[in-house]
Amino acid sequence: KSSGTASMGGPVTCVSKVELRVSCKALLDRDTLNKSDPCVIIMVQAQGQWTEVRTEVIKSNLHPVFAKVFMVDYYFEEVQKLRFEVYDIHGTHSIGTRDDDFLGGVECTLGQIVAQKKMVKPLLLKYGKYAAKSTITVHAEEISGNNGYLELSFCAKKLDDKDLFSKSDPFLEIYRMNDDGTEQLVHRTEVIKNNLNPVWEPFKVSLISLCSCDEDRKLKCLVWDYDSRGKHDFIGEFYATFRDMQKISSGIKVSWDCVNPKYKQKKRNYKNSGVVILSDLKLHRVYSFLDYIMGGCQIHFTVAIDFTASNGDPRNSCSLHYINPYQPNEYLKALIAVGEICQDYDSDKRFSALGFGARIPPNYEVSHDFAINFNPEDDECEEIQGVVEAYQNCLPKIQLYGPTNVSPIISRIAKLAAGEGTIKDASRYHILLILTDGVVTDMADTREAIVRASYQPLSIIIVGVGNADFTDMQILDGDDGVLRSPKGEPVLRDIVQFVPFRDFKTASPAALAKCVLAEVPKQVVEYYSHRAISPMSPGRGPSPPALSPLTSIPTE
């Protein structure tokens, strides 16, 4: 890590790293003689602990742009809280304890920053008072580790002839020069017999193994004349970089003199031992979940709640739908835990809330797909709190009934997602959270609906509430094997996560959310890359085509 990077903890199994850069505008001027000398303290909450890092101090500046870059480990499935505080620093670099040194602060989550890519917020003083027109801007950028594959084609012209009775049998080796001076073999071509103008087969290599994703890293390339006893004759060498190679895309001819240093020393008019030419370069990007989110993909969240009679009469304290003023029931706990995370990725913060298995007003007919706010035109509620209120308001108005049919809701959300799927861009993805107290009655239809839904931008999370035997529900979660429709058609991708709430009774709601949401980033990437849809890139034109992460090396 470079010294300019502060790191913030987290377990080793980190999905992605994000770089944060901070700047401020119109800070308060606390100093009488000159302008404030601001510094920003960043506090990060990870695993319940707050860690603190700070920027450099910028002298006499009310619109500072800080150079220090912060690295944070990013987890989609967790709420990661951040707090930014701006202080005016005096001489000794100690943070002033006096109130007048505090220039304002702000709290947010890492999810909010990556979803907006660039977050601008007003700074607040004590007691929520605005610090005049002061604002803080946080830019996020993902450090993508593995962001692509190259397909390279090399040929050579006029190589030295090393064989007495025939021509050379050339092959090419490419080594990556590591920071510690060691060399790592990246690729060795096949041998082309008896040819001084060889054309080697194209080959594929990841950017990480070619140059550790560093365009200027030196690559040492050697050309040999093959010898069956392993005593290959050295023809020549050259040094290249990935930056050099990329010039081919702007129509520049990319070639290198293949030089034998011994000959160069001895022979006065020695030019080269042949020329190696890069005849083609194709770059395939591999996109990450954050590439899609930061490109502007919105995640739309829908919750579907089981209102069947097996839950028990909501007026009875034994009922799973009992509203206890002091403690949310399991339905609410699961809804809040998962919804709180999803809401950071949806800019309008409106969620669809549906019910199934109840008789509903005005005619009290059974419905397996109704809006719990009883507005079929607009089933959306404002934020998670709005969903909670709609749920509490609808309970007294409905009759719990049955059976437990979830296929109507799955089919409708899949249809909704499919309508958007006709737009060939990564702009919207759906998460459907189904909360149920028992095994579904319409298992065959549900399996069929899930197979159909696996072709759409949708992930389904099912949380089993209460103490029923959920063994049959595990079938829907394709982890044990591939889920198939009754006719035997397999799902295109595994989109269902099922967990019984009771497994998390003693753990925190955060642990439940972590478990059910952990698969979502992979599912989002699988969906878009399967359809070769690249992330939207605001104002930068289309990105290169996405490559499916399911293939370790792309096969054309």
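Because the structure is predicted, anything quoted here is derived from the model rather than measured.

Caption draft 1: Seen up close, the environment of Ile434. The residue Ile434 is located in strand 25 (residues 428–436) in this model. Taking the relative accessible area as the measure of exposure, Ile434 reaches 2% and is therefore buried. The residues contacting Ile434, other than those within four sequence positions of it, are Ala304, Phe356, Val406, Ile410, Ile460, Ile461, Ile462 and Val463.

Caption draft 2: Just the sheet that holds strand 21 (residues 365–367), in detail. If you trace the three strands from one edge of the open sheet to the other, you get 21-20-24, paired in antiparallel fashion. Bordering the open sheet on either side are strand 21 and strand 24 (399–400), each of which pairs with just one other strand. Bridge count for strand 20 (residues 358–360) against strand 24 is two bridges, and the pairing is antiparallel. What sits directly across from Ala358, in strand 24, is Leu400.

Caption draft 3: Main features of unusual backbone geometry. Geometrically, the link from Pro361 to Pro362 is a cis peptide bond, its omega value of 5° lying close to zero. With respect to the helices, strands and loops of the structure, Pro362 is situated in the loop between strand 20 and strand 21. With an omega of -10°, the peptide bond between Gly402 and Pro403 qualifies as cis. With respect to the helices, strands and loops of the structure, Pro403 is situated in the loop between strand 24 and helix 8 (407–421). The backbone of Glu383 shows a phi angle near 55°, a positive value even though the residue is not glycine.

Caption draft 4: Representation of the packing of aromatic side chains within the structure. Overall, the coordinates contain 19 aromatic pairs when judged by the stated rule. With centroids separated by 6.1 Å and ring planes inclined at 15°, the aromatic side chains of Phe154 and Phe203 adopt a geometry described as stacked. Placement of Phe154 in strand 10 (residues 149–157) and of Phe203 in strand 13 (residues 203–206) is noted, with a sequence separation of 49 residues between them. Exposure remark for Phe203: the relative accessible area of 7% places this residue in the buried category. Among the aromatic side chains, those forming a connected cluster through ring pairs are Tyr287, Tyr292, Tyr429, Tyr527 and Tyr528. Its guanidinium or amino end placed over the ring of Tyr239, Lys218 lies 5.4 Å from that ring's centre, counting from NZ or CZ.

Caption draft 5: Summary view of the sheet that holds strand 13. Here four strands make up an open sheet; going across it, the order is 13-10-17-16 and the pairing antiparallel. Two strands close off the open sheet at either side, each with one partner strand: strand 13 and strand 16 (254–257). Averaged over all adjacent pairs, the angle separating strand axes in this sheet is 35°, with direction ignored. Summarising the sheet, strand 10 and strand 17 (residues 275–284) pair through nine bridges and their orientation is antiparallel. Bridge pairing in strand 17 links Lys157 to Val275.

Caption draft 6: Fine view of the pattern of salt bridges. One pass over the full model with this rule turns up 25 salt bridges. Between Asp244 and Lys247 there is a salt bridge whose closest N-O contact spans 3.9 Å. One network of salt bridges, in which partners are shared, links Arg350, Asp378, Glu380 and Glu382.

Caption draft 7: View of the environment of Ile372. Its place among the elements puts Ile372 in the loop between strand 22 (370–371) and strand 23 (380–382). Ile372 sits in the buried class, given a relative accessible area of 2%. Note: C-alpha distance between Ile372 and Ser352 (20 residues apart in sequence) is 9.0 Å. With sequence-adjacent residues up to four places away left out, Ile372 is seen in contact with Ile305, Phe307, Ala353, Leu354, Gly355, Val387, Ala390, Tyr391 and Cys394.

Caption draft 8: Spotlight on the packing of helix 6 (residues 330–342) against helix 10 (residues 509–517). Between helix 6 and helix 10, the least distance of the axes is 9 Å, while the angle of their chain directions is 60°. Considered as vectors, helix 6 and helix 10 are oriented oblique to each other. Relative to helix 10, the crossing made by helix 6 is right-handed. Across the interface between the two elements, Ala334, Ala337, Val338, Ile341 and Cys342 from helix 6 touch Pro509, Leu512, Ala513, Val516 and Leu517 from helix 10. Taken together, the residues of the contact of helix 6 with helix 10 sort by class into 10 nonpolar, no polar and no charged.

Caption draft 9: Region of the structure containing helix 6. The end-to-end C-alpha distance of helix 6, which contains 13 residues, comes to 18 Å, matching closely the 18 Å that a straight helix rising 1.5 Å per residue would cover. With 10 of 13 residues buried, helix 6 lies mostly within the body of the structure. Summarising the contacts, the buried residues of helix 6 are in contact with strand 18 (298–306), helix 7 (383–394), strand 25, strand 26 (458–464) and helix 10. Two or three places before Tyr331, at the opening of helix 6, Asn329 has a side-chain oxygen 3.1 Å from that residue's backbone nitrogen.

Caption draft 10: Fine view of the state of the cysteines. Enumeration according to the criterion identifies zero disulfides in this entry. The structure places no disulfide on Cys155, whose sulfur is separated from the nearest cysteine sulfur, that of Cys258, by 12 Å. Here Cys155 falls in the buried class, since its relative accessible area comes to 11%.

Caption draft 11: Molecular detail of the nonpolar core. With 97 residues, the main nonpolar core has Leu20, Phe84, Phe307 and Leu517 as its most contacted residues. Broken down by element, this core gets its largest block of residues, eight residues, from helix 6. Once you skip the residues sitting within four places of it in the chain, Leu517 turns out to touch Phe76, Glu77, Val338, Ile341, Cys342, Ile431 and Ile461. Counting 30 residues, the second largest nonpolar core, distinct from the first, contains Leu172, Cys211, Ile235 and Leu281.

Caption draft 12: Representation of the packing of helix 6 against helix 7 in the model. Viewed as axis vectors pointing N to C, helix 6 and helix 7 meet at an angle of 160°, and their least axial separation amounts to 10 Å. Between helix 6 and helix 7, the crossing angle belongs to the class labelled roughly antiparallel. Both helix 6 and helix 7 take part in a crossing whose hand is right-handed. From helix 6, Tyr331, Leu332, Leu335, Ile336, Gly339 and Glu340 reach across to helix 7, where they touch Ile384, Val387, Val388, Tyr391 and Gln392. Grouping the constituent residues of the contact of helix 6 with helix 7 by class yields eight nonpolar, two polar and one charged.

Caption draft 13: View of the environment of Asn373. Within the element layout of this structure, Asn373 appears in the loop between strand 22 and strand 23. With a relative accessible area of 27%, Asn373 lands in the partly exposed category. Sequence separation between Asn373 and Ala46 is 327 residues; the distance between their C-alpha atoms is 36 Å. Residues in contact with Asn373, not counting those within four places in the same chain, are Asp378, Asp379 and Glu380.

Conventions adopted
- Residues numbered from 1 in each chain as written.
- Predicted model: local features only at pLDDT ≥ 70, side-chain atom pairs only at ≥ 80, totals over all residues.
- Heavy atoms only, no water.
- Helix = DSSP H or I, 4+ residues; strand = E, 2+ residues; numbered from the N terminus.
- Buried < 20%, exposed > 50% of the residue type's maximum accessible area, 1.4 Å probe, protein only.
- Contact = heavy atoms within 4.5 Å.
- Pairing = 2+ DSSP bridges.
- Phe/Tyr/Trp six-rings, centres within 6.5 Å; stacked < 30°, edge-to-face > 60°.
- Lys NZ or Arg CZ within 6 Å of the ring centre and 35° of its normal.
- Axes fitted to C-alpha atoms, helices over the stretch in contact; angles between N-to-C directions.
- Salt bridge = Lys/Arg side-chain N within 4 Å of Asp/Glu carboxyl O.
- Parallel < 35°, antiparallel > 145°, perpendicular 65-115°, else oblique.
- Left-handed = near helix turned anticlockwise from the far one by under 90°.
- Nonpolar A, V, L, I, M, F, W, Y, C, P; charged D, E, K, R; others polar.
- Expected span 1.5 Å × (residues − 1).
- Polar contact = N/O pair within 3.5 Å; in protein donor to acceptor, adjacent residues only side chain to side chain.
- Disulfide = S-S within 2.5 Å.
- Core = buried A, V, L, I, M, F, W, Y, C linked by side-chain atoms within 4.5 Å.

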